[in-house]
Amino acid sequence: MKVKMILPALTEAESPYWRPIKYSLFPPLGLATLAAFLSPDDEIDLQDQHVEQLNLNDNPDLVLIQVYITNAYRAYKLADYYRKKGAYVLLGGLHVTSLPDEALPHADSIFVGPAEESFPRFLSDFRKGKPQKVYQSIERTLATLPPVRRDLIKRNKYLVPNSIVVTRGCPHHCDFCYKDAFFKGGKSFYTQQTDAALSEIARLPGRHLYFLDDHLLGNIRFAESLFEGMKGMNRVFQGAATIDSILRGDLIEKAAEAGLRSVFVGFETFSQENLKQSNKRQNLERDYEKAVNRLHSLGIMINGSFVFGLDDDDKDVFKRTVDWGIKHSLTTATYHILTPYPGTRLYQEMERQNRIVTRNWDLYDTRNVVYKTTLLSAEELKAGYDWAYKEFYRWSNILESSLNHDSAKHALKHFFYTGGWKKFEPLWNFIIKTRGLNYMLPLLEAILSKVSSSKKNPGAEIVSEVEDYSSLLNPG
Ligand code: SF4
């Protein structure tokens with residue numbers, strides 16, 4: 001059987017915000033995971049429109065398309081196209097789960113919720129000639145998951161080909177998050193067996209890993225045994241965790257010992273009112289500064305995530321948030337305009353209050369205002385969001401933020417990482433075009449290598465660090 005798996009490009013691909021490097025980071029791991037359930041005799045073509053031109057001149061028997069909110073219209077067009085050609089078309093993913101009725105007219109079958117158990121069920125029905133229209137996720141377990149079909153991933157097209165997911169979901173219930181809608185009707189947080197996760201890690205070449213889990217520290221027992229097993233594997237890795245998990249116990253130290261060098265943290269807002277409104281209880285009354293200092297002391301870089309436009313936000317929120325990030329040496333910051341995704345409690349509440357102003361899903365990219373605001377006008381919110389990005393990533397602010405570190409090595413890593421990520425777009429585009437992304441991995445690994453905190457002789461530290469990095473760029 002000929003099978004085509006497609007991740008259509010998000011709508012941002014055609015917007016002025018499009019940064020090819022941002023969308024060349026992670027391969028479509030979800031589709032490669034489902035591909036593992038197909039038969040070795042099946043001919044599988046996995047295409048990611050973010051990094052390659054789709055080949056539409058083929059005639060697959062089965063087409064599976066992953067649908068996010070901002071690629072939904074593109075996904076539906078592709079689905080209609082392949083159905084006209086006679087293929088059997090499947091749609092699944094976050095948006096299909098939120099709005100199954102919208103997706104159904106474009107598909108032969110749809111998947112609601114995670115598909116690791118329903119996809120093999122579909123395949124069995126399909127081979128018997130009796131597929132159903134809707135496949136709901138019934139059982140939630142990763143115990144029977146076959147190894148991800150990494151052979152289908154075009155590694156040279158991604159900066160982070162070693163992406164990995166060892167859990168599903170998250171133990172928390174923030175109102176603006178897709179998580180509860182996606183996992184409705186069953187377990188909403190579960191993990192792999194530690195041994196299975198460790199053998200998946202062992203399959204990945206090089207040192208660098210990126211855990212795409214929503215909350216890598218969410219299950220303490222699992223995380224402890226994972227980090228224990230990773231000790232001595234000589235890995236450096238990045239992942240996501242909550243403020244609460246960073247402050248509690250010594251799990252973060254164990255993660256650092258296992259190789260955690262950079263963490264994505266959802267600070268979201270400094271307002272307790274906003275946290276309560278969003279049901280972000282794990283951040284309530286937590287000391288953000290203490291969490292940041294703890295991460296810095298462990299040599300872990302921080303990508304702070306913030307949301308603008310919650311009901312308690314006023315005109316000062318942008319400056320307050322950017323200044324705090326610079327003062328506390330956040331390595332990178334990700335800002336979002338609050339977005340009520342369909343299926344979430346935030347969406348339901350806004351709908352009840354008649355505050356949704358558009359249902360053009362292309363605008364639901366966290367860069368546009370799609371609801372009626374309160375203290376800020378929509379224009380102020382949009383302008384403040386744009387200003388925050390520009391301001392945080394100004395060279396002078398990158399320098400100031402870097403120099404706020406205690407250690408000179410830390411300062412230098414910060415400067416390289418942030419500057420390299422945000423300020424060299426033409427260079428990234430060139431590297432992508434020349435298929436050289438893979439060659440950047442040793443540099444990334446070097447920047448993420450361990451820093452010993454020391455204020456002694458910062459000049460010598462900087463010279464030796466610069467020599468290390470330049471030798472990686474000029475190995476000859
Ligand atoms: S902590 Fe993050 S992943 Fe978990 S529910 Fe909240 S926003 Fe979603």
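Residues numbered from 1 in each chain as written. Predicted model: local features only at pLDDT ≥ 70, side-chain atom pairs only at ≥ 80, totals over all residues.

Draft legend 1. Structural detail: the overall build of the chain. Summing up its helical and strand segments, the chain has 20 helices and 14 strands in all. Computed over the C-alpha atoms, the radius of gyration of the chain is 22 Å, within 12% of the 23 Å expected from 2.2 N^0.38 for a compact globule of 476 residues. Each principal axis of the C-alpha distribution contributes one length, and for the chain these read about 70 × 55 × 45 Å. Partitioning the intrachain contacts of the chain with sequence separation of at least 6 by distance along the chain shows that 76% fall at a separation of at least 24. (Helix = DSSP H or I, 4+ residues; strand = E, 2+ residues; numbered from the N terminus. Rg over C-alpha atoms; globule rule 2.2 N^0.38 Å. Contact = placed C-beta atoms within 7 Å.)

Draft legend 2. Highlighting the confidence of the model for the chain. Per-chain confidence: the chain averages 90 in pLDDT, with 91% of residues scoring 70 or above. Overall, residues 466-476 carries pLDDT values under 50, and its contacts beyond four positions in sequence, including any with other chains, amount to 8 contacts. (pLDDT = per-residue confidence, 0-100.)

Draft legend 3. Structural detail: the nonpolar core. By size, the foremost hydrophobic cluster in this structure holds 117 residues, and its most contacted members are V63, I65, L91, V263 and F308. If near-sequence neighbours (up to four positions away) are discounted, V63 is found in contact with K4, I6, Y82, A87, V89 and L90. (Core = buried A, V, L, I, M, F, W, Y, C linked by C-beta atoms within 7 Å. Buried ≥ 20, exposed ≤ 12 C-beta atoms within 10 Å, placed from the backbone.)

Draft legend 4. Focus on the pairing of strand β10 (residues 208-211). Residues H208 and Y210 point to one face of β10 and L209 and F211 to the other, with burial holding for every one of them. Note that β10 and strand β11 (residues 236-241) share 3 bridges and pair parallel. Within β11, the residue paired with L209 across the bridge is F237. (Pairing = 2+ DSSP bridges.)

Draft legend 5. Fine view of the domain arrangement of the chain. In terms of domains, the chain is made up of domain 1 (2-136), domain 2 (162-392) and domain 3 (408-473). Each of domain 1 and domain 2 has a C-alpha centre, and these two points are 26 Å apart. With 17 residues of domain 1 in contact, the opposing surface of domain 2 contributes 19 residues. Of all elements in the fold, only α2 (72-84) and α3 (94-98) reach the threshold of two or more residues within the side of domain 1 that touches domain 2. Looking at which element gives the most residues to the side of domain 1 that touches domain 2, the answer is α3, with 3 residues. Of the residues belonging to the side of domain 1 that touches domain 2, the class tally is 10 nonpolar, 6 polar and 1 charged. (Domains from an automatic or database assignment. Nonpolar A, V, L, I, M, F, W, Y, C, P; charged D, E, K, R; others polar.)

Draft legend 6. Expanded view of the sheet that holds strand β6 (residues 134-136). Within the open sheet, the 6 strands sit side by side as β2-β1-β3-β4-β5-β6. Their pairing is parallel. Unpaired on one side and paired on the other, β2 (43-48) and β6 mark the two borders of the sheet. Here the strands of the sheet are splayed against their neighbours by 15° on average, with no regard to which way each runs. Examined bridge by bridge, strand β5 (residues 109-112) and β6 share 3 bridges and lie parallel to one another. (Axes fitted to C-alpha atoms, helices over the stretch in contact; angles between N-to-C directions.)

Draft legend 7. The sheet that holds strand β7 (residues 163-164), seen in detail. Taking strand neighbours across the sheet as the criterion, the 6 strands line up as β7-β10-β11-β12-β13-β14 in an open arrangement whose pairing is parallel. Among the strands making up the open sheet, the edge pair consists of β7 and β14 (332-337). Across 2 bridges, β7 lies against β10 in parallel orientation. Bridge pairing links I164 to F211 in β10.

Draft legend 8. Spotlight on the packing of helix α13 (residues 317-327) against helix α15 (residues 378-392). With their axes 9 Å apart at the nearest point, α13 and α15 run at an angle of 20° to one another. In terms of orientation, α13 lies roughly parallel with respect to α15. Every pair of crossing elements has a handedness; the one defined by α13 and α15 is right-handed. Listed contacts from α15 to F318, T321, V322, G325 and I326 of α13 are G384, W387, A388, E391 and F392. (Parallel < 35°, antiparallel > 145°, perpendicular 65-115°, else oblique. Left-handed = near helix turned anticlockwise from the far one by under 90°.)

Draft legend 9. Structural context of the pairing of strand β12 (residues 260-268). Counting buried positions along β12 gives 9 out of 9 residues, so the element sits mostly inside the fold. Where β11 meets β12, 5 bridges bridge the pair, whose relative direction is parallel. Following the sheet pairing, A240 is matched in β12 by F264. Two elements, β12 and strand β13 (residues 301-308), share 6 bridges in a ladder whose sense is parallel. For S262, the partnering residue across the bridge sits in β13 and is M301.

Draft legend 10. Region of the structure containing the site of the ligand. Taken together, the neighbourhood of the ligand is formed by C170, H172, H173, C174, C177, K179, D214, H215, T242 and G266. Broken down by class, the residue content of the shell around the ligand amounts to 3 nonpolar, 5 polar and 2 charged. (Near = placed C-beta within 6 Å.)

Draft legend 11. Summary view of α2. Here α2 spans 18 Å end to end across 13 residues, near enough to the 18 Å set by a 1.5 Å rise per residue. Along α2, the positions that sit buried rather than exposed are A72, R74, A75, L78, A79 and Y82. Down the axis of α2, the buried side of the element spans an arc of 160°, and every buried residue falls inside it. Exposed residues on α2 whose side chains face more than 90 degrees from its buried face are K77 and K84. (Expected span 1.5 Å × (residues − 1). Arc of directions from axis to C-beta.)

Draft legend 12. Region of the structure containing unusual backbone geometry. Look at S329: it is not a glycine, yet its phi comes out positive at around 55°. Relative to the helices and strands, S329 resides in the loop between α13 and β14. A positive phi angle is found at T366, which is not glycine, with a value near 65°. Assignment of secondary structure puts T366 in the loop between α14 (345-352) and α15.

Draft legend 13. Geometry of the environment of V265. Assignment of secondary structure puts V265 in strand β12. V265 sits in the buried class, given 22 other C-beta atoms within 10 Å. Placed 19 residues apart in sequence, V265 and I246 show a C-alpha to C-alpha distance of 9.3 Å. Excluding residues that lie within four positions of it along the chain, V265 makes contacts with A241, I243, I302, G304 and S305.

Draft legend 14. Layout of the packing of helix α7 (residues 194-202) against helix α8 (residues 220-230). Direction vectors running N to C along α7 and α8 enclose 40°, while the axes themselves pass 10 Å from each other. Accordingly, the angle class assigned to the pair α7 and α8 is oblique. In this structure, α7 meets α8 at a crossing whose hand is right-handed. Listed contacts from α8 to T194, A197, L198 and I201 of α7 are F222, S225, L226, G229 and M230. Along the lines of polarity and charge, the residues of the contact of α7 with α8 split into 6 nonpolar, 3 polar and no charged.

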